[in-house]
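Chain and residue survey
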Amino acid sequence: MATLLGEERRARLLEILTRDGAVRLDPVAEELGVSAMTVRRDLDDLEAEGLARRVRGGAVAPVLPRPFGERMSTRSTSKSLIARKALDLVPATGAVAFDASTTSGVLLGEISARDLVVATNSIDNAATARRRPGVRSVLIGGELDERSGSFVGAVACRAAASLGYARFFTSASAVSENGTSEVSLEEAQLKAVFADLAEETILLLDASKLGRTAVAHGLDWGRIDILVTDLDPRDERLDPYRDLTELR
């Protein structure tokens, strides 16, 4: 392939980071037709701009708030697989909570119920729930975080606490052996309220978020009943979590 200019290489690296969540040094150097040292310098530049975080052997995408529409357009195949695996966990009646994640949104787009109340702090997810048969949609309002499109803050926490939930379906910005973490303290606080009031918490997570951390600690593993991923439950990438929760 023709040699790419520096700006073109960095744009391609950003595409890979957005799509996969990480860049591995040697494979991407081969793909771009440059040396590993050149890729290292490009990744250093991206890190200096806050667009990547260097790790051993490459880089990962920084865990930052992103608009709902932008998040919905990434890893769509993984989200659809997670939704199919989690669909039978959604009850037909009662009340459930969904966070403001796009993975929750994909699952909401598949549900069919008899008399189910769905509470969510995302206007996009509330609109999706409203279109589903047998579902009553409740938007948990509060202070709008314009970076992510989710409602958070004290008012949102009080509104979330006004119901009891059979299950809480949530994604996370990142997950490690210490539990989940989120891009903001306010997001983590609201999810903690949902989890406290739910009989079970279901974590919906694509593999790109495994082994990572964000700025605000979310839920400990003792508060997560089932982890649903886009991986085969036997995949070795799930080994650190086998003794912590049920895997799907």
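Residues numbered from 1 in each chain as written. Predicted model: local features only at pLDDT ≥ 70, side-chain atom pairs only at ≥ 80, totals over all residues. Heavy atoms only, no water.

A closer look at the sheet that holds strand 15 (residues 246-247)
One open sheet accounts for 7 strands, arranged 6-5-4-9-12-14-15; its pairing is parallel. The open sheet has two free edges, formed respectively by strand 6 (135-139) and strand 15, since each of these has just one partner strand. The sheet contact formed by strand 9 (residues 165-170) and strand 12 (residues 198-205) spans 5 bridges and is parallel. When the sheet's bridge partners are listed, Y165 is paired in strand 12 with A198. Contacting strand 9, strand 12 and strand 14 (226-229), helix 5 (residues 76-86) runs over the sheet at an angle of about 140° to strand 14. (Pairing = 2+ DSSP bridges. Helix = DSSP H or I, 4+ residues; strand = E, 2+ residues; numbered from the N terminus. Contact = heavy atoms within 4.5 Å. Axes fitted to C-alpha atoms, helices over the stretch in contact; angles between N-to-C directions.)

Comments concerning the packing of helix 2 (residues 25-32) against helix 3 (residues 36-48)
Two numbers describe a pair of packed helices, the interaxial angle and the distance between the axes. Remark: helix 2 packs on helix 3, axes separated minimally by 9 Å, with the N-to-C direction vectors making an angle of 105°. In terms of orientation, helix 2 lies roughly perpendicular with respect to helix 3. Residues L25, D26, V28 and A29 of helix 2 form the contact with helix 3, whose participating residues are A36, V39, R40 and L43. Of the residues in the contact of helix 2 with helix 3, the class split is 6 nonpolar, no polar and 2 charged. (Parallel < 35°, antiparallel > 145°, perpendicular 65-115°, else oblique. Nonpolar A, V, L, I, M, F, W, Y, C, P; charged D, E, K, R; others polar.)

Topic: the packing of aromatic side chains
One pass over the structure, following the stated rule, counts 4 aromatic pairs. Centre to centre, the rings of Y165 and F194 are 5.6 Å apart; their planes meet at 70°, and the pair counts as edge-to-face. Taken as a pair, Y165 in strand 9 and F194 in helix 9 (residues 185-197) lie far apart in primary sequence, 29 residues in all. Accessibility assignment for this pair places Y165 and F194 in one class, buried. Between W221 and Y241, the ring centres sit 5.5 Å apart and the planes meet at 40°, which makes this aromatic pair tilted. Remark: Y241 occurs in the loop between strand 14 and strand 15 and W221 occurs in the loop between strand 13 (216-217) and strand 14; sequence separation between them is 20 residues. Y241 sits in the buried class, given a relative accessible area of 3%. In this structure an aromatic cluster arises from ring pairing among Y165, F168 and F194. (Phe/Tyr/Trp six-rings, centres within 6.5 Å; stacked < 30°, edge-to-face > 60°. Buried < 20%, exposed > 50% of the residue type's maximum accessible area, 1.4 Å probe, protein only.)

What to know about the layout of surface pockets
Here the second largest pocket defines a volume of roughly 240 Å³. Contributing to the lining of the second largest pocket are D20, G21, A22, R53, V55, V60, R75, A207, S208, L210, G211 and R212. Of the residues in the lining of the second largest pocket, the class split is 5 nonpolar, 3 polar and 4 charged. (1 Å grid on protein atoms, 1.4 Å probe; cavity = no way out; pocket = protein on both sides within 12 Å on 5 of 7 lines; lining within 4 Å. Points joined across faces, edges and corners; volume = space filled by probe spheres on them.)

Side note on the nonpolar core
Within the largest apolar cluster, 30 residues are counted, with the highest numbers of intra-cluster contacts made by Y165, F194, L203, L227 and Y241. For this core, the secondary-structure elements that each account for two or more residues are strand 4 (93-98), strand 5 (115-120), helix 8 (154-160), strand 9, helix 9 and strand 12. The greatest single-element share of this core, amounting to 5 residues, is contributed by helix 9. With residues near it in sequence (within four places) discarded, L203 still touches T170, S171, A172, V175, T180, W221, I224, I226, L227 and V228. (Core = buried A, V, L, I, M, F, W, Y, C linked by side-chain atoms within 4.5 Å.)

Some points on the side chain of E187
Considering the arrangement of structural elements, one finds E187 in helix 9. Buried within the structure, E187 lacks any salt-bridge partner; its nearest side chain of opposite charge belongs to K191, at an N-O separation of 4.8 Å. Setting aside residues up to four positions removed in sequence, E187 forms contacts with A100, N121, S148, S150, V152 and E182. (Lys, Arg positive; Asp, Glu negative; His and termini not counted. Salt bridge = Lys/Arg side-chain N within 4 Å of Asp/Glu carboxyl O.)

Section: the pattern of salt bridges
Side chains carrying opposite charge are able to pair once their charged atoms draw close together. For the structure shown, the criterion picks out 17 salt bridges. Across the salt bridge formed by R237 and D235, the nearest N and O atoms sit 3.0 Å from each other. With its nearest N and O atoms 2.7 Å apart, the salt bridge here joins D239 to R242. Residue classification places R242 among the partly exposed residues on the basis of a relative accessible area of 32%. Residues joined in a network through salt bridges with shared partners are R9, R10, D42 and D45.

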